[in-house]
Every structure is written in C-alpha cells, then in structure tokens.
Amino acid sequence: MIKGNAWVLGATGQIGRAAVRALAEDGWEVTAASLGGGRDERWADGIRTVRLDRNEEGALAAALGPGCDVLVDMVAFDAAHARQLTGLAGRIGSAVVISSGAVYEDERGRGFDTQGEPDGAPVYPVPIPEEQRTVAPGDTTYGTRKVELESLLLAAGGELPVTLLRAGAIHGPYCRTPRELYFVKRVLDGRRRRVLSFGGRSVFHPVHASNVAELIRLAASRPGSRVLNAGDPQAPTVAEIGAAVDEVLGVETETVLMAGAPGADGVGDSPWSIEHPVVYDMSAAERELGYRPVTGYAESLPGTVEWLSAQLAGREWTDAFPKMARNYGTGLFDYAAEDAWLARYDAGTA
C-alpha cells in the first residue's frame, strides 16, 4: 500500500541517501531531488530522481508541480529557505526539516559560537532537552540562521506542519566533514600515539545518518509541528571513540591525555574537543514518534571506517575531503607539532 508522495531535497547527501531508502521501504513514492540529479546504488528502481537547484528562483515550485504529501528538506539553512517552504504550504502536506543542536545556548548565553573564547565554553544540562534556550535568530552564524529557519517554520504550523530535527554530530558514510577521519587517518599513517585535550573526556553526542533517517520516516507518517533532538543511543567520549576506531582497524594506539584545552599549536585538538559534555535528550522523540534507534555508535563504526579508508586510498585527505580541510584547517594532522609536544611530554616539560 502506497502511503503517499514524498519529496526529498538534498537526496544524495549523507542523510538524504538513507532517508530516501527508509521512506521507499516504508511504502512512500519517493522523488529524490539533488543538484546533480544522481541516485544511490542501494535505492530501489522505482525511486524517481530530479535535478534541482532549490536556490534558483522558482525552481522548487516548478519541479514540485501539484505538490506532495510530505517534503523532507536536508538543505534548509536560513530564512529564505523557510519562506520558500511556507510559500508552498498549499502544495505540501507536511514537512520534515533538518536543523542542528548548534542552536542551543546555556543559561549565560554561551553556545557553539563562543567555543574557544575566554569563558566561552557553554555548560549545558545533561542531557539537553528541546526546551533549552536557543541563540537569538539572525543571519550572522550557522546557529542563528538555523534558529531563524526554525522560528519561521514553526510560526506557519497552522498551514504547514513541520517536524524540525536538531541533529547532533552526524556520522557514517558519505559525510563531507567526517570527524572519524581524525583517528582513521592517524592509524593509516602509522601513528601509534595520540594526544587528546580535556583528559579525553570530551563528549559531543553523535547521530548516525540511519538514525536520522528513522526519525524522518516516523515523522513523515505522524505530521505535526514540533522540535525534536536527533542523537544515537550512546554518547561516547573522544577517548572511547579513538579506542573504538583502533578496535575496528585491529591496532593499539597509546593515548596521551592533556589535562586542559589544546595549546596554540593545536596539539590535542580534535573535532570533538569541547570542555563540557553535549548530550541530547531523546525522550521526546521516543514519546512522540515511538522512536527507537536502528544502530549504535560502535555497531555502525566499521562501515564508516571502511568508507573513509576507501576515500583516502591513493590521494591526499585534503582532496578527498576539501570541506573538512576548510573547516578544520590542515593543522588537524600536524604531526611535527604533535611529535614536538610528545618529546616535551616524555621529558617532563610539557
């Protein structure tokens, strides 16, 4: 039995690939829209693909035609995208839109945008509920733009029911900025010592793409205006993640723990390095959607490691992951600085 017509924007991205497959398997007629109009080899033959630039004036409205029962938007980032969707409310039954945990701030107004500043590390409740305060809406940062997107979409709830999913640190194959690269590349390069700041205790709640896809699948069948966190069943520390990668690759790496923050040379820094834990409360998704995760972090890790290893084979990591290089800088793998610090550490002068 066909549940209805589902459109997925950003269908060939990391979450989009999994969401298209989950919706199709759940009985939806799926149209997969992306800039290139491509398809995933794991998709069923009946999935329709469309080449679409949603930022081109009138392109989404023209492609959508008479409309759809549910529209899933992986690539909505700001107020303009919110207005684009609400302007099509008469042709969209409901929507599921990916937001981010970057919208949260603590009781002193500190959030993701203040990380690294003096007294800038936020201290959130553990876990963070959806009712936690958020940064002010605006167009200055990723977080403020996401809040503005959320606000405009929720205000249109009477005309367009929207489920907003505040995703954690997304992981799995097809990621353009894969955090696990930090450990996988070191192992592949023969590094058998690593340095982790904040005593290796940093926690930045991950979510596998397939778990986000499961939330999308459930929300598509239960339209409503709501905000839900999206996280894995576990929130491992950065040291535990490193150990898990070692286990997948069959190696042993010595972890040297730095008590405080990374130094000016970047040694000890990683894509998870934050002073205080970020853990998302998943009870609302369980209560409202009946959500149960389809995988866990350690369970899903072998697939991620295999994909990363294949992407790195025979080329520089900056070519394989240019967005990762732009976001984190080439210092992410500054082995010379790391070796210099370790020499001082071994001599007792670090």
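Details of the structure are given in the entry above.
Predicted model, so just to flag it, every value in this text is computed and none were measured. By convention here, each chain's residues receive numbers from 1 onward along its written sequence. Where local features are concerned, this predicted model is filtered to residues with pLDDT of at least 70; where side-chain atom pairs are given and counted, the filter is 80 or more; whole-chain, interface and lining totals use all residues. Just so you know, side-chain values use all the structure's heavy atoms and leave hydrogens and water out.

## Re the packing of aromatic side chains
Centres within 6.5 Å are what make two rings of Phe, Tyr or Trp a pair, Trp counting through its six-membered ring; a difference in plane orientation under 30 degrees is then read as stacked, over 60 as edge-to-face, and the rest as tilted. With the rule as written, the count across this model stands at 12 aromatic pairs. Ring centres of Tyr174 and Trp307 lie 5.7 Å apart, and the angle between their planes is 45°; on these two criteria the pair is classed as tilted. Here Tyr174 is found in the loop between strand 7 (169-171) and helix 5 (181-188), whereas its partner Trp307 is found in helix 9 (residues 297-312), with 133 residues between them in sequence. Per-residue accessibility, obtained with a 1.4 Å probe over protein chains only, is compared with the maximum for each type, and a residue is labelled buried under 20%, exposed over 50%, and partly exposed between these values. Since its relative accessible area comes to 28%, Tyr174 is described here as partly exposed. Overall, the relative accessible area of 16% leaves Trp307 in the buried class. Grouped by ring-pair contacts, the aromatic residues Tyr182, Phe183, Trp272, Trp317, Phe333 and Tyr335 constitute a single cluster. The ring of Tyr174 has Arg17 lying over it, and the distance from NZ or CZ to the ring centre is 3.9 Å. Here, over-ring charges are defined by two tests on the NZ atom of lysine or the CZ atom of arginine: distance to the ring centre within 6 Å, and angle to the ring normal within 35 degrees. One Lys or Arg, Lys185, reaches over the ring of Phe333 and ends 5.4 Å from the middle of that ring. Working definition: helices are DSSP H or I runs of at least four residues, strands are E runs of at least two. Numbering for both runs from the N terminus.

## Overview of the pattern of salt bridges
Pairs may arise between side chains of opposite charge once their charged atoms sit close together. Note on definitions: salt bridges are taken to be side-chain nitrogens of Lys or Arg within 4 Å of carboxyl oxygens of Asp or Glu. Enumeration according to the criterion identifies 18 salt bridges in this entry. A salt bridge links Arg217 to Glu214; the nearest nitrogen and oxygen atoms lie 2.8 Å apart. Remark: Glu214 and Arg217 occur in helix 6 (residues 209-221); sequence separation between them is three residues, near one turn of the helix. The same class applies to Arg217 as to Glu214, namely buried. Shared partners join several salt bridges into a network, and the residues in it are Lys3, Asp26, Glu214 and Arg217.

## Topic: the side chain of Thr31
Mapped onto the elements of the fold, Thr31 is located in strand 2 (residues 28-34). Two N or O atoms count as a polar contact when they lie within 3.5 Å, although within protein this holds only if one can serve as hydrogen donor and the other as acceptor, and sequence-adjacent residues are included solely when both atoms are side-chain atoms. Side-chain polar atoms of Thr31 contact the side chain of Arg48, separated by 3.2 Å. Two residues form a contact once any of their heavy atoms are found within 4.5 Å. Setting aside chain neighbours within four positions, we find Thr31 in contact with Asn5, Ala6, Trp7, Val8, Arg48 and Val50.

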